[in-house]
Amino acid sequence: MRHPSELVGRTDLSALPFNSRPSTLNASRRDFLRFAASSLGLSFAVPGLELRAAERRGHDRPKSFLTVWLGGGASQLETWDPHPGTKIGGDGGVTAIKTTIPDVQIAHLYPHVAEQLHHVSVIRSLVSKEGDHERASYMLKTGYRPEPTLVHPSIGAIVTHELPDDRVEIPQFVSLGDSNFPPRGGFLGDRFDAYRIFNPGDNGQNLRPRVEDDRQARRLKNLDVVSKSFQMHRSAKVERTLHQHTIDAALKMMSSNQLKAFDFKEEPAAVRAAYGESQFGQGCLVARRLLEEGVRSIEVALNGFDSHARNLEAHTNRAKDLDPALAALLKDLAERDLLQSTVVLVIGEFGRTPAINPAGGRDHWPTGFSCLLGGGGLASGQLLGATDPTGEKKQPESPIEVADLYATVLKQLGIDPEKEVITPIGRPMKYSAGKPIERLM
Amino acid sequence: MRPRSLTKTVLPLLVIVGVFALVASAARSRVATVLPESPSRLAGDADSVVTKLDRLMADKWNEAGIEPARAADELTLLRRLSLVLHGTVPSLEELRLFEADTQPQRIERWTEKLLADRRFADYFARRLARVFVGADEGQFILFRRDRFWAWLGQALHDSRPYDELVRSMISHKGLWTGVPEVNFITATADDGDINMNKLAGRTVRAFLGQRIDCAQCHNHPFADWKQGQFEGLAACYGQIKISPVGVEDDANKTYSVEDLKLLEELAKLPEKERDELSDEDRKKKTHRVVAPGVPFHPEWLPSEGTERTKLAAWVTHPDNSRFDRAIVNRVWGLMFGKPWLEPVDDLPNPKETGRDSADLLDLLGSDFRAHGCDMKRLIATIAASRVFRLSSEHAAFETGENLDAIEQQWVAFPVTRLRPEQLIGAMLQASTIKTIDQNSHWVQRALRFFNEINFVKEFGDLGDDELGEHSGTIPQALLRMNGEFAKDRSEGTPFSSIGRIGVMAPNDDACLDLCFMVCLTRRPTVEERLQLLPQLEGKHGNARGSAVEDIFWTLYNSPEFCWGH
């Protein structure tokens, strides 16, 4: 028999005691609050004497997961798998540069990343079966192909679900930048959807009241009175909506000191300059600040890689934002001793065709594309897989399935990828259907 | 700026604005401002379907030994119906008309009025479109959701029979722009190819209310679906081809699937031989041809027509009760916020022995069929039933004892989270005195259109499974309390209801009443008056404006505003 905590229902209340154990129906209000709080990923308990996540470093620090999402599908050739001097690479305008990993070269568009590459490993043989943006984004964010009757949780949601941290008062799963297909909680519940910051650096969207303290206090007092009218004759039912609990939790968040993590303007000018003035660069800087506060999962999105025409131009343009920001991020995490506790993944929904089309672009290519993976104690400086330099063979050498990639990430974060949960449609489902990549563990 | 470049910049802009204004004014039409005279399309005799439905529910409550909730008051019913049929709360304009209406059968007549309003067709089309074409963005080149919405909306507005609509979705040919129903087919396109498996699964889920999807890969573990049945259904779509004239059928095309055994055979060949196979030869060696077929009652298939027209006739065949049971459960779900049986598209098989009058889906389903698959009649029937008109207050809802079991008996109207579209629709309407409909100024309608898109994006779309249970989340609470929308929709300007109520209400009492009416469709309680009236007393100008803004903010954030009840 499964432990009730492994059951996830179609309702967000499934984690609460009254669904699985009716005998606790008369639990005291305090119990309810506690359960409601933990189900919301928040605690109303006073933080203990334990050090806040923000102060811990190295192995001692709870692990986090950071994805840099290259939306639209970055070309492997114009990033981490350049094939210089070949028909597919050189003819497209790519040259290659040396990196801090011996014998590994990347596209010339990334001189700063090249200096920090030893912090991560390069995978050049990812394979997937999805060549459409929406379906492939789903696949690359969840490790599963889309299904009509079930929504799989994104890896970030699984991590947040499995590793809640009571000491973090701000959202524990944050998506920075305007991701076209933001990571979702899927069958784990809406509360595991990523909290979206569309304009990073905007001081945490919606996290400040719109009026002064006295008016805010009056509004809240009013709300209490109006809510009571609705609770009359249906208080248990209204309680179950968790409406008030989400408001209380939101208010707690609004008054948290940790909110300052969203404000990169506190950073020294030199640091800000290193990340770049782009919105993506600011997103990466905010991501680092959130990691310092102990936020569990973060996605920073950079769109615009869908280069069906003028591929080199599009990728050169994107690299202007990505190169300084990613390099600064890796360097900064390492210098602050945060890399040991943060799994970093740089990935998009697919790669791009080895052949250049008549418009000078590259089209979608879900076989043999690249990603960077490192941090969190994973092996670094490794090169995995290889693609055919002629571009004729579709299948890369030592192909790596997306599911294997995520099994690796989950295992490294201390989560059993094979753990099964019962989905709302009654079907048991593993967090990942893949096997961890031994070379990286 | 040189005159030439000025012309270059301004002229196109003028053209765009002009076209937009012309289209907007053309789209405005006068509809249903007069109350319908006939009280209802439903006969009130002892044997009417509403009477039977009420009897069925009464038997259910008797059997369970539970007293149902009292009847909800008529303002609550109007709010419920507006949210369900128009996706918004009643406007002040409508509320005044409603309160002035003293003729008998007010709710029945107003149900008809709401159904005749174009807002019903447009809103319901969007709800149903999620079922027919999914919530994914789809492939822009082959799929046009806006055209599909417009087609379905017009069809609902014209009261076209539902079975006819389904047949046209399954079987019609043409371009997704000119023949919008074919978007049902093209919505499944992956990488330019129509996905037959997706079509088979969606046909059964959307139109028959059952799930056959997992039989794509294996026999269903507990239902009767077999892999062969799934493949046969997919093969019914196997002759589709996409050409410059759109979706077509090619009678010579066969449908084949990859076969595990053939794959194993191939694996036994020497590697060199395998590598030398062309893509076509490889497919020949690993695929087997599947003939079109249906999982049950093949005698319902007509002998003539394309495979798709045959399938369409089979799906909608008068004896195929799964078809009507599915839409009844779906419409029930849209009206109550929760389907009669959950999940909405995983219904048990109907009785082979015929309709069961004690089964709600059979009862409403056979009436639906007997009256030409009339969607508006189905909605009016449910709206007229006692169970739809119950209050959401109940002793069990208060104490929480046996709540789950008691809720199964439908003894009170369920409290369910409003959809994001309903929430922003309600905020937009509450912040405006006049009704926002197709007769509104185009600026107003454009505002609603873009506000809805942005709000849903930030709030989180519910995806395909919009009838599943959802509780609120913290980011949603933050968005309601502090978001740009909440700020704009509670701002006292000369054009908003907030600004106008503050200035024009004759006294504080009336001012508070109006705030409550436009937001919550009710008047304030004694406790609420005690709390809120002092905040208005003696306030003028900006101070009064702020006080009204605070009240609107309060009401928008109340559970009563955010939850259907």
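Residues numbered from 1 in each chain as written. Chains lettered and ligands numbered in written order. Predicted model: local features only at pLDDT ≥ 70, side-chain atom pairs only at ≥ 80, totals over all residues.

### Some thoughts on the overall build of chain B
Point 1. Looking only at helices and strands, chain B has 29 helices and six strands in total.
Point 2. In terms of overall dimensions, chain B is globule-like: its C-alpha atoms have a radius of gyration of 27 Å, near the 24 Å expected for 565 residues.
Point 3. In terms of overall dimensions, chain B has C-alpha extents of about 95 × 85 × 45 Å along its principal axes.
Point 4. Going through the 565 residues of chain B one by one, you find that 47% of them count as buried.
Point 5. Restricting the contact set of chain B to residue pairs at least 6 apart, pairs at least 24 apart contribute 70%. (Helix = DSSP H or I, 4+ residues; strand = E, 2+ residues; numbered from the N terminus. Rg over C-alpha atoms; globule rule 2.2 N^0.38 Å. Buried ≥ 20, exposed ≤ 12 C-beta atoms within 10 Å, placed from the backbone. Contact = placed C-beta atoms within 7 Å.)

### Things to note about the overall build of chain A
Point 1. Counting its secondary structure elements, chain A contains 12 helices and 15 strands.
Point 2. Buried residues in chain A amount to 54% of all 441 residues.
Point 3. Residue pairs in contact within chain A that sit at least 24 positions apart in sequence constitute 71% of those at least 6 positions apart.

### With respect to the interface of chain A and chain B
Bring the parts together and some accessible area is lost; that lost area is often taken as the interface size.
Point 1. Contacts between the two partners involve 48 residues from chain A, matched on the other side by 58 residues from chain B.
Point 2. Put simply, the parts of the chain that give the side of chain A that touches chain B at least two residues each are α4 (133-142), β6 (195-197), α6 (213-231), α7 (235-240) and α8 (243-254) of chain A.
Point 3. With 10 residues, α6(A) is the single largest residue contributor to the side of chain A that touches chain B.
Point 4. Across the side of chain A that touches chain B, the residue classes break down as 20 nonpolar, 12 polar and 16 charged. (Nonpolar A, V, L, I, M, F, W, Y, C, P; charged D, E, K, R; others polar.)

### Some words on the pairing of strand β1 (residues 240-243) of chain B
Residue and element names in this part refer to chain B.
Point 1. Note that β1 and strand β2 (residues 246-249) share four bridges and pair antiparallel. Following the sheet pairing, isoleucine 242 is matched in β2 by valine 247.
Point 2. Joining the antiparallel neighbours β1 and β2 is a turn of two residues. (Pairing = 2+ DSSP bridges.)

### Some thoughts on the environment of B:Gly354
Residue and element names in this part refer to chain B.
Point 1. Its location among the elements puts glycine 354 in the loop between α16 (321-336) and α17 (360-370).
Point 2. On the neighbour-count criterion, glycine 354 (11 C-beta atoms within 10 Å) is exposed.
Point 3. For the pair glycine 354 and aspartate 319, spaced 35 residues apart in the sequence, the C-alpha separation amounts to 9.0 Å.

### Overview of the domain arrangement of chain B
Point 1. Considered domain by domain, chain B is made up of domain 1 (120-315) and domain 2 (421-564).
Point 2. The C-alpha centroid of domain 2 of chain B is placed 43 Å from the C-alpha centroid of domain 1 of chain B. (Domains from an automatic or database assignment.)

### Focus on α8(A)
Point 1. Taking 1.5 Å as the rise per residue, α8(A) with 12 residues should run 16 Å; its terminal C-alpha atoms sit 17 Å apart, in good agreement.
Point 2. Taken together, the buried positions of α8(A) are A:His243, A:His245, A:Thr246, A:Ile247, A:Ala249, A:Ala250, A:Met253 and A:Met254. (Expected span 1.5 Å × (residues − 1).)

### Quick notes on the confidence of the model for chain A
Point 1. Looking at chain A as a whole, its pLDDT mean stands at 86, while 86% of the residues score no less than 70.
Point 2. Note on residues 1-50 of chain A: pLDDT is under 50 here. Beyond four places in sequence and across chains, it has 68 contacts. (pLDDT = per-residue confidence, 0-100.)

### Structural notes on the packing of helix α3 (residues 74-86) of chain B against helix α5 (residues 106-116) of chain B
All names here are of chain B.
Point 1. Between α3 and α5, the shortest axis-to-axis distance is 10 Å and the interhelical angle comes to 20°. Overall, the two elements α3 and α5 adopt an arrangement that is roughly parallel. Crossing angle aside, the handedness with which α3 passes α5 is right-handed. Taken together, the residues of α5 that come into contact with α3 (itself represented by Glu74, Leu77, Leu78, Leu81, Ser82, Leu85 and His86) are Arg106, Ile107, Trp110, Thr111, Leu114 and Leu115. (Axes fitted to C-alpha atoms, helices over the stretch in contact; angles between N-to-C directions. Parallel < 35°, antiparallel > 145°, perpendicular 65-115°, else oblique. Left-handed = near helix turned anticlockwise from the far one by under 90°.)

### A short note on the nonpolar core
All names here are of chain B.
Point 1. If you look at the biggest cluster of nonpolar residues, it comprises 254 residues, and the most contacted ones within it are Cys515 and Cys519.
Point 2. Here this core spans two domains, and each of domain 1 (120-315) and domain 2 (421-564) adds at least three residues to it.
Point 3. Other than its neighbours up to four places away in sequence, cysteine 515 contacts Ile501, Val548, Ile551, Phe552 and Leu555. (Core = buried A, V, L, I, M, F, W, Y, C linked by C-beta atoms within 7 Å.)

### Here we look at the environment of A:Gln216
Point 1. Looking at where A:Gln216 falls in the secondary structure, it is placed in helix α6.
Point 2. When sequence neighbours within four positions are dropped, the list of residues in contact with A:Gln216 reads A:Pro209 and A:Val211.

### Topic: unusual backbone geometry
Point 1. The linkage connecting B:Glu342 with the following residue, B:Pro343, adopts the cis geometry, with an omega of -15°.
Point 2. Along the chain, B:Pro343 turns up in the loop between α16 and α17.
Point 3. If you check the backbone angles, A:Leu242 has positive phi at about 60° while not being a glycine.
Point 4. Position of A:Leu242 relative to the elements: it lies in the loop between α7 and α8.
Point 5. Located in the positive-phi region is B:Trp410, a residue other than glycine, with phi close to 55°.
Point 6. The residue B:Trp410 is located in the loop between α20 (403-407) and β5 (416-417) in this model.
Point 7. Residue classification places B:Trp410 among the buried positions, given that 21 C-beta atoms sit within 10 Å.

### What to know about the pairing of strand β11 (residues 367-374) of chain A
Residues and elements named next belong to chain A.
Point 1. The buried fraction of β11 is high, at seven of eight residues.
Point 2. Bridge count between strand β4 (residues 120-127) and β11: six bridges; the pairing is antiparallel. In the sheet register, leucine 126 faces β11, and the bridge partner there is phenylalanine 369.
Point 3. Note: strand β8 (residues 342-348) against β11, three bridges, orientation antiparallel.

### Describing the packing of helix α26 (residues 508-520) of chain B against helix α28 (residues 541-556) of chain B
All names here are of chain B.
Point 1. For the pair α26 and α28, the least separation of the axes is 10 Å and the interaxial angle reads 30°. In terms of orientation, α26 and α28 fall into the roughly parallel class. Considering only the axes of α26 and α28, their crossing is right-handed. Contacts from Cys511, Cys515, Cys519 and Leu520 in α26 reach Val548, Ile551, Phe552, Leu555 and Tyr556 in α28.
Point 2. Looking at the contact of α26 with α28, its residues break down into nine nonpolar, no polar and no charged.

### Topic: helix α25 (residues 497-504) of chain B
Residues and elements named next belong to chain B.
Point 1. Among all positions in α25, only Ser497, Ile498, Ile501 and Gly502 are buried. Seen end-on, α25 carries its buried residues on one side only, within an arc spanning 130°.
Point 2. Elements in contact with the buried residues of α25: α4 (92-100), α21 (420-430), α26 and α28. (Arc of directions from axis to C-beta.)

### A word on the confidence of the model for chain B
Point 1. Of the residues in chain B, 92% have a pLDDT of 70 or more, and the chain-wide mean is 89.
Point 2. Note on residues 26-33 of chain B: pLDDT under 50 across the span, and 11 contacts to partners over four residues away in sequence or across chains.

### Brief notes about the environment of B:Pro90
All names here are of chain B.
Point 1. Structurally, proline 90 can be placed in the loop between α3 and α4.
Point 2. Residue classification places proline 90 among the buried positions, given that 26 C-beta atoms sit within 10 Å.
Point 3. Counting along the chain gives 367 residues from proline 90 to lysine 457, while the straight-line C-alpha distance between them is 24 Å.
Point 4. Leaving out residues up to four positions away in the same chain, proline 90 has contacts with Leu78, Arg79, Ser82, Leu95, Phe98 and Thr521.

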